[in-house]
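One letter stands for each residue in the lines below.
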2 protein chains.
Amino acid sequence: MSQQKTSRPKARLPRGFRDRSAGEIAAERALIDTIRKVYESYGFSPLETPAFEYTDALGKFLPDVDRPNEGVFSLKDDDEQWLSLRYDLTAPLARYVAENFQNLPKPFRRYQVGPVWRNEKPGPGRFREFTQFDADTVGSASPAADAELLMMTCDALEALGLKRGEYVVKVNSRKLLDGVLESVGLSPDDFARRGIVLRAIDKLDRLDRKGVEALLGNGRKDESGDFTKGAELQLDQIERVLKFVSVSHFEPDMRTSDWGSNFKFWERDFGNTANGAAGLAELKAITGILKVCEYDAARIRLDPSIIRGLDYYTGPVFEAQLTFPVTNEAGETVVFGSVAGGGRYDDLVARFTGQQVPATGISIGVSRLLTALQSRGLTGDVEPLIVVLSMGDAAQSFAIARELRAAGLRAESYVGTKKIPDQLKYADKRGAALVVMEGEDERANGKITIKDLKRGAEVSKSVESRAEWVGARAGQETVDRGKLVEKVREMLARKG
Amino acid sequence: MSQQKTSRPKARLPRGFRDRSAGEIAAERALIDTIRKVYESYGFSPLETPAFEYTDALGKFLPDVDRPNEGVFSLKDDDEQWLSLRYDLTAPLARYVAENFQNLPKPFRRYQVGPVWRNEKPGPGRFREFTQFDADTVGSASPAADAELLMMTCDALEALGLKRGEYVVKVNSRKLLDGVLESVGLSPDDFARRGIVLRAIDKLDRLDRKGVEALLGNGRKDESGDFTKGAELQLDQIERVLKFVSVSHFEPDMRTSDWGSNFKFWERDFGNTANGAAGLAELKAITGILKVCEYDAARIRLDPSIIRGLDYYTGPVFEAQLTFPVTNEAGETVVFGSVAGGGRYDDLVARFTGQQVPATGISIGVSRLLTALQSRGLTGDVEPLIVVLSMGDAAQSFAIARELRAAGLRAESYVGTKKIPDQLKYADKRGAALVVMEGEDERANGKITIKDLKRGAEVSKSVESRAEWVGARAGQETVDRGKLVEKVREMLARKG
């Protein structure tokens, strides 16, 4: 035995991957269908690219990844070319557009939904395969394209059942951020210091004002004693940067301010820089459209603290957040936070063609959004199941199940080989709403029995044999064979 | 320039992979939804396993693969364990069942649909990523489980719009085949010769009787001069094997015979072998159920030439074929052939646990079936698209598109920056059914224009400027602004 046993593979999921069962799959399908209907109604068309891309075509745009090839699953094809599994849906889109540019309508507006893979260290709730739902407009430099994505995101979240006030889509502009840097005398080409400033702003949610000040200045030592290098800004420069972001942070009364006061404030301080003026003009064009279409600042908010990690953004950046509290894994009450993000990336197609193609997009994290909806009770029910027991003649129970299906009901015939009490336990485990039984006596008398499992499950625990079970009539009704469908419908309706 | 250019990656699809566009995606989604509804109605529940499995857990069950690791995409994880992308949905199911056996209802009936990957040499119409739709029943040795899959397959094909006579589900039994081998004195444990015999029978569709005789005997030299080793059977043994398969081949008048005459014929010749008797009993139990449920031999046919390549089948094997002619890539008219296959595999879970768990399943090749349905005109239409041109004020065209969407129509606002004639060309390229335009004059007068693109596309070719275009009134109507939705509906209805 031992020798044979050691040669057997162990049945185990690969590290960082997971199986998903009926309830979650049905809920995710409903979620994806809802978003798809909204995106389709806006005239976006689906595209599907393969799981694999050539590694050089994918590029290296993962956030928080320093070493080459880290973060992606790669392997060598038998012609010695490196293949990688896609880590997002944007890089494959850029490849697709560059490859098919001549034949595409411009602007090209597509949505894509599917799994992406990240070769990262898995952790609790952190998987190496997850689903993204992206919408992108390629070939339009117009802020109208950005505005459309913002409105479409709001519509999708509301179509999923979220109410006004339960979500907010936040908008910032990389150009405006560069204007801020410009105004303090920092060149946007000083990538190292620019990066430190952006990361400092990105940490506004986690650090207090003093912590961010330290990161903008001489650096910060955290509680563990680790030191993070600062941007080496002077006090007055730090003040200016914090003034910019203070619209949404540190000064809570400013958070609900309308777009107009945001613009007034920023125009005065950063409007005279080239980048700042360009960023403001784009944001104004966006909010102008939003206003006419009746999307207000309570739904789509200007928020200077939105950074989004990816290097490739060149203009407006977006983040959709859910604002209601949930309990996290540590048992703390926290705001749910980000479920989607994106922005304008005008240089991604140029990687291939050398020619700039303006593009903008937003990506929904499907699994995270699903978790949020489930916590809100916004995911639908599975259709009730009827299990027809197999009592002697399998063909007979099939015929009964078939009759129920023909009436539009969801019905299975038990296909195992176990005894009736075990079949009842099976139906219970399957979560069946009703059980249908046609014993020999019943068949002879033209009768059939339907059992409500909620009560039946309790009874079946104490039941050992068919004889006892027949006596246990809790929640069960015997009717004329011809009235099967009618009675099943009635009992399902009674259950609600 | 040259230096920069050479450092750019080339935008290209990986070898053997493909992008899929809107029409195919919509058609495949409709196909999958239809099958899913049928499978759900039978009480099957969805399961999703990850793209990756540990290589040892997947096992090596690919047909026509001799070298280890050939046929799968594999890579080493950073903990030195080998991962492979799934090459079908059955091996991951076996892993899942072995891992979760205690908690599953038995029988466990699940369906799974998703991509699988094969690291094979790509060819015309032969891709390295494709979609399978599987249904399996694990934990039931009853022929009722096999019968259910056969009926469900018929129902799925008919739900997709195929008519009786356009498809046939063929059934054979590995046990019956072993009975045939037993009857000619060949041990089922003589794997090498057994394999040669099975492969020879599998070639009945492609070779004539003489070719198969040669493969069963001393071997066969094909037209290219390549020699295939034979099973070294004697003449009378060959005769016996061919008599078995002749039910469906070589004797066309036997092809439409009912199950009863099949059984009578086989019983006489092979019923006295242990394996043959067991196989016949199972097939009889299956057809008994089919008969009561009114699935006849025209839909589900016993066919002894069905082999199915995979080594792991242990009992009944199935193959669904489409019977109508299509034109293949070489321009020849051929019968469409196989779109699904499966069978009983009682040993697959035992690979992990050492304990036999009876199982049976069927897998639909989604892409192949989709091709067949498209050749039959059985794939649905995409909802008509309305493009609202952007004439000066993007916000205004958004508001119009929004109004149309609120009325349940599919409407996009043009988000590019091009002139009106180019916008019309864009709408044409998008295949838009109607175009909506609200120029400044029209807005001032409370009017709006709707254009039927079928005619508009022709006109737009000769149109260079807005002035000329306004004059070109082919297929276009100007109505009161308040009548937009009403008029759009009317024009869509007129197009049919």
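Residues numbered from 1 in each chain as written. Chains lettered and ligands numbered in written order. Predicted model: local features only at pLDDT ≥ 70, side-chain atom pairs only at ≥ 80, totals over all residues. Heavy atoms only, no water.

With respect to the relation of the copies chain B and chain A
Heads up, the rule is: We superpose the copies by least squares over the C-alpha atoms of residues that have a pLDDT of at least 70 in both of them.
The two copies are related by a screw operation: chain B maps onto chain A through 180 degrees of rotation and 0.0 Å of translation along the axis, at an RMSD of 0.1 Å. Overall, the copies show the geometry of a two-fold rotation axis. When each C-alpha of chain B is compared by its distance to the rotation axis, B:L75 comes out closest, at 3.0 Å.

Concerning the sheet that holds strand β18 (residues 476-480) of chain A
All names here are of chain A. For clarity, the cut-off: Note on pairing: DSSP must find at least two bridges between two strands before they are called paired. Helix and strand definitions here come from DSSP, where helices need a minimum of 4 consecutive H or I residues and strands a minimum of 2 consecutive E residues; each element is numbered from the N-terminal end. To obtain an axis, a line is fitted to C-alpha atoms, over the contacting stretch when the element is a helix, and the angle between two such axes runs from 0 to 180 degrees between their N-to-C directions. The criterion used for residue contact is that any of the two residues' heavy atoms lie within 4.5 Å.
Pairing is mixed in the open sheet, where 5 strands are placed in the order β15-β14-β16-β17-β18. Single-partner strands in this sheet number two, and they are β15 (410-413) and β18. Between one strand and the next, the sheet's axes are offset by a mean angle of 25 degrees, whatever the strand orientation. As paired strands, strand β17 (residues 447-452) and β18 are joined by 5 bridges and run antiparallel to one another. Within β18, the residue paired with K451 across the bridge is Q476. Strand contacts of helix α19 (residues 484-495): β14 (385-388), β16 (434-437), β17 and β18, with the helix running at about 15 degrees to β17, the strand carrying the most contacts.

As for unusual backbone geometry
Note the threshold: Residue exposure (1.4 Å probe, protein chains only): buried if accessible area is under 20% of the type maximum, exposed if over 50%, otherwise partly exposed.
Residue A:K106 is joined to A:P107 through a cis peptide bond whose omega torsion reads 0 degrees. Non-glycine residue A:E80 carries a positive phi angle of around 75 degrees. Relative to the elements of secondary structure, A:E80 occurs in the loop between β3 (74-76) and β4 (82-85). The class for A:E80 is exposed, based on a relative accessible area of 52%. Positive phi, close to 60 degrees, is recorded for B:E232, a residue that is not glycine.

Comments concerning the side chain of A:D146
By the element assignment, A:D146 lies in helix α5 (residues 143-159). If we ignore the near neighbours within four places in the chain, the residues touching A:D146 are A:I286, A:P316, A:F318, A:R344 and A:T360.

Focus: the confidence of the model for chain A
Which entries qualify depends on this criterion: The predictor reports its confidence for every residue as pLDDT, a score running from 0 up to 100.
Mean pLDDT over chain A works out to 87, with 91% of the residues at or above the 70 mark. Counting interchain partners and residues more than four positions distant, the pLDDT-below-50 stretch residues 1-5 of chain A has 0 contacts.

Things to note about the packing of helix α14 (residues 394-406) of chain B against helix α19 (residues 484-495) of chain B
Residue and element names in this part refer to chain B. Formally: What makes a crossing left-handed is the near helix being turned counterclockwise from the far one by less than a right angle; a clockwise turn instead makes it right-handed. Following the grouping adopted for this structure description, the nonpolar residues are Ala, Val, Leu, Ile, Met, Phe, Trp, Tyr, Cys and Pro, the charged ones are Asp, Glu, Lys and Arg, and the polar ones are all others, Gly among them.
Two elements in contact, α14 and α19, have axes whose closest approach is 10 Å; the angle formed by their N-to-C orientations is 65 degrees. Viewed along their axes, α14 and α19 form a crossing whose handedness is right-handed. Contacts between α14 and α19 pair I400, E403 and L404 from the former with L484, V485 and V488 from the latter. The residue makeup of the contact of α14 with α19, split by class, is 5 nonpolar, no polar and 1 charged.

Observations regarding the side chain of A:Q321
All names here are of chain A. Cut-off, in case you're wondering: In the analysis that follows, any N or O atom pair within 3.5 Å is treated as a polar contact, provided that within protein one partner can donate a hydrogen and the other can accept it, and provided that, for residues neighboring in sequence, both atoms belong to side chains.
Note that Q321 resides in strand β11 (residues 316-327). A polar contact of 2.8 Å, which involves the side chain of Q321, links it to the side chain of E319. Each residue touching Q321, except ones within four places of it in the same chain, is listed here: E166, Y167, V168, K170, I306, G337 and S338.

Thoughts on the interface of chain B and chain A
Interfaces are often sized by the accessible area lost when the parts come together. Counted only if it meets this: Summed over both partners, the accessible surface that disappears when two parts come together, traced with a 1.4 Å probe, is what is meant by buried area. One speaks of a salt bridge when a side-chain nitrogen belonging to Lys or Arg is within 4 Å of a carboxyl oxygen belonging to Asp or Glu.
Each partner contributes to the interface: chain B provides 98 residues, whereas chain A provides 98 residues. For the pair chain B and chain A, the summed buried surface comes to about 8,100 Å²; carbon and sulfur atoms form 56% of the total. The interface formed by chain B and chain A holds 22 salt bridges in total. We note a salt bridge from B:R15 to A:D77, for which the minimum N-O separation is 3.0 Å. One can count 46 residue pairs in polar contact (both at pLDDT 80 or more) joining chain B with chain A. Considering each element in turn, the side of chain B that touches chain A owes the most residues, 7 residues, to α14(B). Here the residues of the side of chain B that touches chain A sort into 46 nonpolar, 21 polar and 31 charged.

Details of the domain arrangement of chain A
Residue and element names in this part refer to chain A. Cut-off, in case you're wondering: An automatic or database domain assignment supplies the start and end points of every domain.
With domains assigned, chain A is organised as domain 1 (18-141 + 346-382), domain 2 (159-317) and domain 3 (385-495). Placing a centre on the C-alpha atoms of domain 1 and another on those of domain 2 gives a separation of 26 Å. Counting from both sides, the interface comprises 17 residues of domain 1 and, opposite them, 9 residues of domain 2. Here domain 1 packs against domain 2, burying approximately 1,100 Å² in sum over the two surfaces, 67% of which is carbon and sulfur. Note that E166 and R376 form a salt bridge whose closest N and O atoms lie 2.8 Å from each other. Taken together, domain 1 and domain 2 are joined by 2 residue pairs in polar contact (both at pLDDT 80 or more). When residues in the side of domain 1 that touches domain 2 are grouped by element, the largest group, 4 residues, is from helix α2 (residues 22-41).

With respect to the sheet that holds β4(A)
Residues and elements named next belong to chain A. With antiparallel pairing, the 3 strands of this open sheet are ordered in space as β2-β4-β3. Only two strands of the sheet have a single partner each, and these edge strands are β2 (52-54) and β3. Looking at each pair of strands side by side, their axes are set apart by 35 degrees on average, direction ignored.

Describing the packing of α5(A) against helix α11 (residues 274-292) of chain A
Residues and elements named next belong to chain A. Just so we agree on the cut-off: Throughout, the term roughly parallel applies to angles under 35 degrees, roughly antiparallel to angles over 145, roughly perpendicular to angles from 65 to 115, and oblique to all others.
Between α5 and α11, the shortest axis-to-axis distance is 9 Å and the interhelical angle comes to 50 degrees. Considered as vectors, α5 and α11 are oriented oblique to each other. At the point where α5 passes α11, the crossing takes the right-handed sense. Where α5 approaches α11, its residues P143, A144, D146, A147, L150 and M151 are matched on the opposing element by E282, A285, I286, I289 and L290. A breakdown of the residues in the contact of α5 with α11 according to their chemical character gives 9 nonpolar, no polar and 2 charged.

What to know about the environment of A:S84
All names here are of chain A. As for its position among the elements, S84 is in strand β4. Take S84: its relative accessible area is 0%, and that puts it in the buried class. In the structure, S84 is positioned 218 residues away from L302 in sequence and 37 Å away in space, judged by C-alpha atoms. Beyond its immediate stretch of four places on either side in the chain, S84 contacts A51, F52, E53, T55, L58, V72, F73 and S74. Of the polar contacts made by the side chain of S84, one reaches the side chain of S74; its length is 2.7 Å.

Overview of the packing of aromatic side chains
All names here are of chain A. Put simply, the rule is: Any two of the Phe, Tyr and Trp rings considered here, Trp counted by its six-membered ring, make a pair once their centres fall within 6.5 Å; the pair's planes then place it as stacked at under 30 degrees, edge-to-face at over 60, or tilted in between. We call a charge positioned above a ring when the Lys NZ or Arg CZ atom is no farther than 6 Å from the ring centre and deviates by at most 35 degrees from the ring normal.
Under the definition given, this model contains 29 aromatic pairs over all chains. Centroid distance Y39 to F133: 5.2 Å. Interplanar angle 85 degrees. Geometry classified as edge-to-face. You can see Y39 sitting in helix α2 and its partner F133 sitting in strand β6 (residues 129-138), a full 94 residues away along the chain. One aromatic cluster is present, formed by Y39, F44, Y111 and F133 through successive ring pairs. Positioned over the ring face of F127 is R18, at 4.7 Å from the centre of the ring.

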